[in-house]
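# Summary of the model geometry
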2 protein chains.
Amino acid sequence: MKRYKKEDDVSYTLGASLTFQLLETRPELAREVYMHPSMDAGETGERVRALCAGLRLPLVVSPKPLAVLSDKENCYLAARFAKFCEPLSADGDHVVLVCPSNAGNLGTILRSCLGFGYRDLAIIRPAADLFDPKTVRASMGAVFGVRAMYFDSFDEYRADWPRAFYPLMLRARQSLDQTVFEHPHALIFGNEATGLPPSFLDTGTPVVIRHGTDIDSLNLPVAVSIALYEATRGRAF
Amino acid sequence: MKRYKKEDDVSYTLGASLTFQLLETRPELAREVYMHPSMDAGETGERVRALCAGLRLPLVVSPKPLAVLSDKENCYLAARFAKFCEPLSADGDHVVLVCPSNAGNLGTILRSCLGFGYRDLAIIRPAADLFDPKTVRASMGAVFGVRAMYFDSFDEYRADWPRAFYPLMLRARQSLDQTVFEHPHALIFGNEATGLPPSFLDTGTPVVIRHGTDIDSLNLPVAVSIALYEATRGRAF
């Protein structure tokens, strides 16, 4: 039993609600479940035992793997799952993240994507790890509901998925709230610290979320979520 | 020299850009500056020395206080500053956070508030600490540009600042994008895990940010920021 590393072909759900989400929505990915002995006697313990028996999943009841896997001391349930990759859909709208660096941000973005019905996420390297347990946790399980693919460059992505491009850029002239979005499209966002390279000013229709000059920029998951909100405005959820 | 504690009447900017922001925008709050010796020789060192001399601020060039103050090892510049409290404005629009529990979230919310021109934040206890260095860092310095006050209950806040109330609630009937906002108003948000208590369904005009059922809710700073974006839609920034 070792801590997660990026090179591994498995990762972990740390925490009860995430683990139940895995077992209930993507049981085929689960490989092993870890439960703290203090949980074994209660209702949660019964539910875990029933799920594991039904799925023929090994269940380890011990504090040790949980202590190894988790930073925090209050993790009582976890599971190992196989990483996965599904191709993006050709006709759905996409979100493209160019070199996002923070795992927590990536998870929060996954949560918003799933909430606003964007089930396809392209990530341009170098980038945070989709399966880092921090990403999985911040996604609140949304990582199990979104198709995500990594690419080595935006051109590589663009060659395979032609569509209307909307790069979000501080230097764009067109305001987000004035934009009528074509479909299928891709909303494109840059790195937390640097934004998108200037070359994206010549890519599709660059768009800006207008805000006051007292801040340099919005937080990345905030910017992505506002764009998703606006692009789906009036849609019946 | 000790780590920050909530009871202290001073806090710290950890990192170069935050520290410069403090010294340049709120110099009257600064009490002492800490610089790593490795920075002393370069341009940043000169800039720090000039600012401290101009403001007659003590400057400590040593790795020790930085190591004590910071979790991370890559903090090379920090400052101690006096906590402050300014009364909210009577005619401005407010954001009210009821029992927010996470310092990073609180900081990200401050950043969005300042960006969308909401300079008044009411926080209902129990709540995360506005001056926790994690809040200060996540705010990217916005904590120095927003008026914030703590209250023991929403009723206490409401007695002093009557206005149109818009509680954001999953169970509200009215959609955010259909809402015409009166001024002055307060946008009201609940705790990360529990949202607002049901009593807010009878407070002002409850409003919902509609999203799909694949997620339980949006991340709190995301929800606040979408509401700020919508409530200022069309405003010239």
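Basis of the calculations
- Residues numbered from 1 in each chain as written.
- Chains lettered and ligands numbered in written order.
- Predicted model: local features only at pLDDT ≥ 70, side-chain atom pairs only at ≥ 80, totals over all residues.
- Heavy atoms only, no water.
- Helix = DSSP H or I, 4+ residues; strand = E, 2+ residues; numbered from the N terminus.
- Buried < 20%, exposed > 50% of the residue type's maximum accessible area, 1.4 Å probe, protein only.
- Lys, Arg positive; Asp, Glu negative; His and termini not counted.
- Salt bridge = Lys/Arg side-chain N within 4 Å of Asp/Glu carboxyl O.
- Polar contact = N/O pair within 3.5 Å; in protein donor to acceptor, adjacent residues only side chain to side chain.
- Contact = heavy atoms within 4.5 Å.
- Phe/Tyr/Trp six-rings, centres within 6.5 Å; stacked < 30°, edge-to-face > 60°.
- Buried area = accessible area lost by both parts, 1.4 Å probe.
- Disulfide = S-S within 2.5 Å.
- Pairing = 2+ DSSP bridges.
- Axes fitted to C-alpha atoms, helices over the stretch in contact; angles between N-to-C directions.
- Least-squares fit on C-alpha atoms with pLDDT ≥ 70 in both.
- Domains from an automatic or database assignment.
- Expected span 1.5 Å × (residues − 1).
- Parallel < 35°, antiparallel > 145°, perpendicular 65-115°, else oblique.
- Left-handed = near helix turned anticlockwise from the far one by under 90°.
- Nonpolar A, V, L, I, M, F, W, Y, C, P; charged D, E, K, R; others polar.

With that settled, consider the side chain of D132 of chain A. Residue and element names in this part refer to chain A. Tracing the backbone shows D132 in the loop between strand 6 (120–124) and helix 6 (133–138). For the buried D132, no salt bridge is present, and the opposite-charge side chain at shortest range is K134, 4.9 Å distant. Among the polar contacts made by the side chain of D132, one reaches the main-chain amide nitrogen of K134 at a distance of 2.8 Å. Setting aside chain neighbours within four positions, we find D132 in contact with Y4 and A103.

For the rest of this paragraph, the subject is the packing of aromatic side chains. Any aromatic ring pair is given by two values, namely how distant the centres are and how the planes are angled relative to each other. As enumerated under the stated definition, the model contains 29 aromatic pairs over all chains in all. Between the aromatic rings of Y157 of chain A and W161 of chain A, the centroid separation amounts to 6.2 Å while the plane-to-plane angle is 15 degrees, which identifies the pairing as stacked. According to the relative accessible area criterion, Y157 of chain A is buried, its value standing at 0%. When the centroid spacing of 5.2 Å and the interplanar angle of 70 degrees are considered together, the rings of F84 of chain B and F131 of chain B count as edge-to-face.

Size of an interface: often given as the accessible area lost when the parts come together. With 27 residues of chain B at the interface, the matching set in chain A holds 27 residues. Interface area for chain B against chain A, summed over the two sides, is near 2500 Å², with a carbon-plus-sulfur share of 58%. Considering only the side of chain B, the residues that lose the most area to chain A are R111, Y229 and R233 of chain B, jointly responsible for 23% of the buried surface there. Applying the counting criterion to the chain B and chain A interface returns four salt bridges. Between R233 of chain A and E230 of chain B there is a salt bridge, and its shortest N-O distance comes to 2.4 Å. Along the contact surface separating chain B from chain A lie 14 residue pairs in polar contact (both at pLDDT 80 or more).

Attention now goes to the state of the cysteines. Residue and element names in this part refer to chain B. Evaluated as defined, the whole model comprises zero disulfides over all chains. C75 forms no disulfide, and the closest cysteine sulfur to it belongs to C52, at a distance of 14 Å. Between C85, a free cysteine, and C113, which holds the nearest cysteine sulfur, the sulfur-to-sulfur gap is 16 Å. When its relative accessible area of 55% is taken as the criterion, C85 is described as exposed.

All names here are of chain B. Read from one edge of the open sheet, five strands run 7-6-5-10-8, paired in parallel fashion. Sheet topology places strand 7 (147–151) and strand 8 (164–167) at the edges, where each strand pairs with a single neighbour. The sheet shows a mean angle of 20 degrees between the axes of neighbouring strands, direction not considered. Relative to strand 6 (residues 120–124), strand 5 (residues 94–98) is paired through five bridges, and the arrangement is parallel. Note on strand 6: the bridge partner recorded for H94 is D120.

This paragraph deals with the sheet that holds strand 5 (residues 94–98) of chain A. Residues and elements named next belong to chain A. Taken together, the five strands give an open sheet; going across it, the order is 7-6-5-10-8, and neighbouring strands pair in parallel fashion. Sheet topology places strand 7 (147–151) and strand 8 (164–167) at the edges, where each strand pairs with a single neighbour. Looking at each pair of strands side by side, their axes are set apart by 20 degrees on average, direction ignored. The sheet contact formed by strand 8 and strand 10 (residues 185–189) spans four bridges and is parallel. Its bridge partner lying in strand 10, P167 is registered against I188.

Here the focus is the relation of the copies chain B and chain A. Mapping chain B onto chain A calls for a screw motion: a turn of 180 degrees about the axis and a shift of 0.0 Å along it, with 0.0 Å RMSD after fitting. Such a combination of turn and shift is consistent with a two-fold rotation axis. A share of 100% of the interface residues of chain B reappears at the interface of chain A, consistent with the copies meeting face to face through the same patch.

All names here are of chain A. For chain A, the domain assignment lists domain 1 (10–82) and domain 2 (94–231). Centre-to-centre, using C-alpha coordinates, domain 1 lies 32 Å away from domain 2. Listed per partner, the contact involves 12 residues of domain 1 and seven residues of domain 2. Contact between domain 1 and domain 2 buries roughly 890 Å² in total, counting both sides, with carbon and sulfur atoms accounting for 66%.

The subject of this paragraph is helix 5 (residues 103–115) of chain B. Within an α-helix, residues lying three or four positions from one another point in the same direction, as the helix has 3.6 residues per turn. Here helix 5 of chain B contains 13 residues, and its C-alpha end-to-end distance of 19 Å stays within 8% of the 18 Å for a straight helix at 1.5 Å per residue. Judged by how many residues are buried, helix 5 of chain B sits mostly within the fold: 12 of 13 residues are covered. What helix 5 of chain B keeps buried is the set A103, N105, L106, G107, T108, I109, L110, R111, S112, C113, L114 and G115 of chain B. Where helix 5 of chain B is buried, its residues contact helix 8 (220–231) of chain A together with strand 5, strand 6, helix 6 (133–138), strand 7 and helix 8 (220–231) of chain B. Residue N102 of chain B occupies the N-cap position of helix 5 of chain B, its side-chain oxygen lying 2.9 Å from the main-chain nitrogen of G104 of chain B. Of the residues trailing helix 5 of chain B, G117 of chain B is marked for its positive phi of about 80 degrees.

Here we come to the packing of helix 1 (residues 16–25) of chain B against helix 3 (residues 43–55) of chain B. Residues and elements named next belong to chain B. The N-to-C vectors of helix 1 and helix 3 enclose an angle of 30 degrees; their axes lie 11 Å apart at closest approach. It follows that helix 1 is roughly parallel to helix 3 by the angle criterion. Considering the relative orientation of helix 1 and helix 3, their crossing is left-handed. Counting all contacts with helix 1, which are made through F20, L23 and E24, the residues of helix 3 involved are T44, R47, V48, L51 and L55. Looking at the contact of helix 1 with helix 3 residue by residue, the class counts come to five nonpolar, one polar and two charged.

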